[in-house]
Amino acid sequence: MTTLVPAPCDLVVADLGGTTLRVGRIRAGTSEVHDVQRVSTDGLGRYGTLAPQELQDRVMKQLTREIAACLARPGQPPAQAVAVSFAGPMTSDGVVLAGPTLWGGPAARLPVADVLAGHLGLPVVVANDVTAAAWRYASVESEPFCLITVSSGIGNKVFRHGEIVCDERGYGGEIGHWLVDPAEDAAPCECGGRGHLGAIASGRGALFAVRAAAAADTGAFARSALAGPSGGVPDAITNEAFAAAARAGDTFAREALRRSLRPLASAVSLLFTAIGVRRYLFVGGFALALGDTFLTLLGDELVRIGCFGLDEYGTRAMLALGENDDDHCLIGIGQLAAAHLDAPRALEAPA
């Protein structure tokens, strides 16, 4: 969608993720988000028995409703535009092609920008969530970088020479759906496939794996710090308990995590070898909850695999965590929108 917008202006910004929907306000050109409201996303994580199209409809109704509520909240200046970070691949004109962590399998292509603009009566810019998050760091990173989010799923974007490396039809930045395990019984991915990186190394994938490991080796599980919070029931293990045990050095938890991170290390090694980017920033609830433990174990696996031409120090130095908050996409989509708000100028979003 292309719409002319005056600048500067106040924006309502939204981040629609597989687990949480966040809606707040930001002044175009700043990085301070305020009046942020968080609700659980009405998608696959909550209503997994519904069909993909039903979930898509439910998610869009919720997104529209929450943005409208923010626009109508008393005591706030009028917003001149809306900017949305969306968890899924999309075209440069705001058409979502898929929503693996939101509604799972195939559903109709969704022109989010047009739908929201029609309901809200304001110009709307929409971008992929990892694209949005990358814009938060674009002004502070001095060299090309790859932002990788490890949360409900996995996604990535490369920012190079002032631009996101992504096809305008939405191709690129979806390493979460790279096939890393071709076995017929490989871990299921929310897109409907199996053995994808996101099915193994995301927060949901790692939780699935550690529960399976606990069920397969009940003795090791019984000796683990995870046995207490879960009451000894593998399916009662939570991501929070898993991350806490891994941070505390629990052997069972760390080995399960290490196995899940191996294909992610392979992905980083491939990206480095293919395009030479030497800076990898990790965000997302799961990666940030693990903190330095995430970097240590991922670095161990990356060193084991090897990065052509780099020693151990150079290999580990490529990895870093983003800011430890959940505002990456809100700030980033605000920054992206601000970059396109120089009047008179069209408001457009890259994928």
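All residue numbers refer to position in the chain's written sequence, counted from 1. Owing to the predicted nature of the model, reporting of local features is limited to residues with pLDDT of at least 70; listing and counting of side-chain atom pairs is limited to 80 or more, with chain, interface and lining totals taken over all residues. Side-chain figures throughout are based on the complete set of non-hydrogen atoms in the structure, without hydrogens or water.

**Overview of the overall build of the chain**
Helix and strand assignments follow DSSP, with helices taken as H or I runs no shorter than four residues and strands as E runs no shorter than two, numbered in order from the N terminus. Across its full length, the chain carries 13 helices and 14 strands. Radius of gyration here uses only the C-alpha atoms, and the compact-globule reference equals 2.2 Å multiplied by the residue count raised to the power 0.38. Against the compact-globule benchmark of 20 Å for 351 residues, the chain has a radius of gyration of 20 Å, which places it among compact chains. Taking the principal axes of the C-alpha coordinates as reference, the chain spans close to 65 × 45 × 40 Å. Taking all 351 residues of the chain together, the buried fraction comes to 53%. Restricting the contact set of the chain to residue pairs at least 6 apart, pairs at least 24 apart contribute 64%. Carbon and sulfur atoms form 52% of the exposed surface of the chain, whose accessible area is close to 14,700 Å². Within the chain, one finds 28 positive and 37 negative side-chain charges whose respective centroids are separated by 2 Å. Each residue's exposure class comes from its accessible area (1.4 Å probe, protein chains only) as a fraction of the maximum for that residue type: buried when under 20%, exposed when over 50%, partly exposed otherwise. In what follows, residue pairs with any heavy atoms lying within 4.5 Å of each other are defined as contacts. Only the protein chains shown count as cover for residues, and the accessible areas themselves come from Shrake-Rupley with a 1.4 Å probe. All tallies of charge rest on Lys and Arg as positive and Asp and Glu as negative; His and the ends of each chain are not included. Where a charge sits is defined by one atom per residue type, namely NZ (Lys), CZ (Arg), CG (Asp) or CD (Glu).

**Brief notes about the pairing of strand β4 (residues 33-40)**
DSSP calls a pair of strands paired once it identifies at least 2 bridges connecting them. Relative to β4, strand β3 (residues 20-27) runs antiparallel, the two sharing six bridges. The residue of β4 that forms the bridge with R22 is R38. Between β3 and β4, which pair antiparallel and follow one another directly, the connecting turn spans five residues, one of which, G29, has a positive phi of 95 degrees.

**Some thoughts on the sheet that holds strand β11 (residues 163-164)**
Strand order in the open sheet formed by five strands is β11-β10-β9-β12-β13, and the pairing between neighbours is mixed. Edge positions in the sheet fall to β11 and β13 (319-321), since each has one partner strand and no second. Alignment of strand β9 (residues 145-150) against strand β12 (residues 280-283), held across four bridges, turns out to be parallel. Within β12, the residue paired with C146 across the bridge is Y280. Against the sheet, helix α11 (residues 292-305) touches β9, β12 and β13, its axis set at about 165 degrees to β13. Between N-to-C directions, angles span 0 to 180 degrees; the directions come from axes that are lines fitted to C-alpha atoms, helices contributing only their stretch in contact.

**Re the nonpolar core**
Only buried residues count toward a nonpolar core, which is a set of Ala, Val, Leu, Ile, Met, Phe, Trp, Tyr and Cys residues joined through side-chain atoms within 4.5 Å. Within the largest apolar cluster, 48 residues are counted, with the highest numbers of intra-cluster contacts made by I148, L226, F242, L264, Y280, F282 and F294. Sort the elements by how many residues they give to this core and helix α9 (residues 251-275) lands first, with 11 residues. With sequence-adjacent residues up to four places away left out, I148 is seen in contact with I154, G155, N156, I175, L264, V268, Y280, L281, F282 and V283. L63, V84, L122 and V124 belong to the second-largest nonpolar core, a separate cluster that totals 29 residues.

**Overview of the side chain of N128**
Its place among the elements puts N128 in strand β8 (residues 124-128). We call two N or O atoms a polar contact when they sit within 3.5 Å, provided that within protein one can donate a hydrogen and the other can accept it, with sequence-adjacent residues counted only if both atoms are side-chain atoms. A distance of 2.9 Å separates the side chain of N128 from the backbone nitrogen of V130, its partner in a polar contact.

**A closer look at the pairing of β3**
Along β3, six of the eight residues are buried, which leaves the element largely enclosed by surrounding structure. Hairpin geometry of strand β2 (residues 10-16) and β3 is characterised by an intervening segment of three residues between the two adjacent antiparallel strands.

**A look at the layout of surface pockets**
Over the atoms a probe the size of a water molecule is rolled, and this reveals where empty space is left. Cavity: a set of points on a 1 Å grid over the protein atoms alone where a 1.4 Å probe fits but cannot get out. Pocket: an open set with protein on both sides within 12 Å along at least five of seven lines, its lining residues, like those of a cavity, having an atom within 4 Å of a point. Grid points are joined across faces, edges and corners, and a volume is the space filled by probe spheres set on the points. Considered as a void within the structure, the largest pocket measures approximately 1,200 Å³ in volume. Along the walls of the largest pocket sit 50 residues, with T19, S151, S152, G153 and G285 positioned nearest its centre. Only Asp, Glu, Lys and Arg are considered charged, only Ala, Val, Leu, Ile, Met, Phe, Trp, Tyr, Cys and Pro nonpolar, and every remaining residue, Gly among them, polar. Residues that form the lining of the largest pocket fall into these classes: 17 nonpolar, 24 polar and nine charged. Domain extents, as shown, originate in an automatic or database domain assignment. Counting the residues that make up the lining of the largest pocket, at least three belong to each of domain 1 (10-137 + 327-342) and domain 2 (142-321). What the second largest pocket holds in volume is close to 230 Å³. Contributions of two or more residues to the lining of the second largest pocket are made by α4 (197-201), α5 (203-216) and α9.

**Comments concerning the sheet that holds β4**
Pairing in this open sheet of five strands is mixed, and the strands run β4-β3-β2-β5-β8 from one edge to the other. Single-partner strands in this sheet number two, and they are β4 and β8. Shown here is a sheet whose adjacent strand axes are inclined to one another by a mean of 15 degrees, direction ignored. Across the sheet, helix α1 (residues 52-72) lies against β2, β3, β4 and β5 (81-86), angled at about 35 degrees from β3, the strand it touches most. Across the sheet, helix α13 (residues 328-338) is in contact with β2, β3, β4, β5 and β8; its angle to β2 comes to roughly 135 degrees.

**Some points on the domain arrangement of the chain**
Partitioning the chain into domains gives domain 1 (10-137 + 327-342) and domain 2 (142-321). The centre of domain 1, based on its C-alpha atoms, is set 25 Å off from the matching centre of domain 2. Taken together, the contact pairs 22 residues of domain 1 with 21 residues of domain 2. Two parts placed together each lose some accessible area under a 1.4 Å probe, and the buried area is that loss summed for both. Between domain 1 and domain 2, a total of about 1,600 Å² is buried, with carbon and sulfur atoms accounting for 66% of that surface. Summed over the three residues of domain 1 that lose the most area to domain 2, namely V130, A134 and Y137, the buried surface amounts to 28% of that side. Only one rule defines a salt bridge in this text: a Lys or Arg side-chain nitrogen within 4 Å of an Asp or Glu carboxyl oxygen. The interface formed by domain 1 and domain 2 contains zero salt bridges. On inspection of domain 1 and its partner domain 2, the count reaches three residue pairs in polar contact (both at pLDDT 80 or more).

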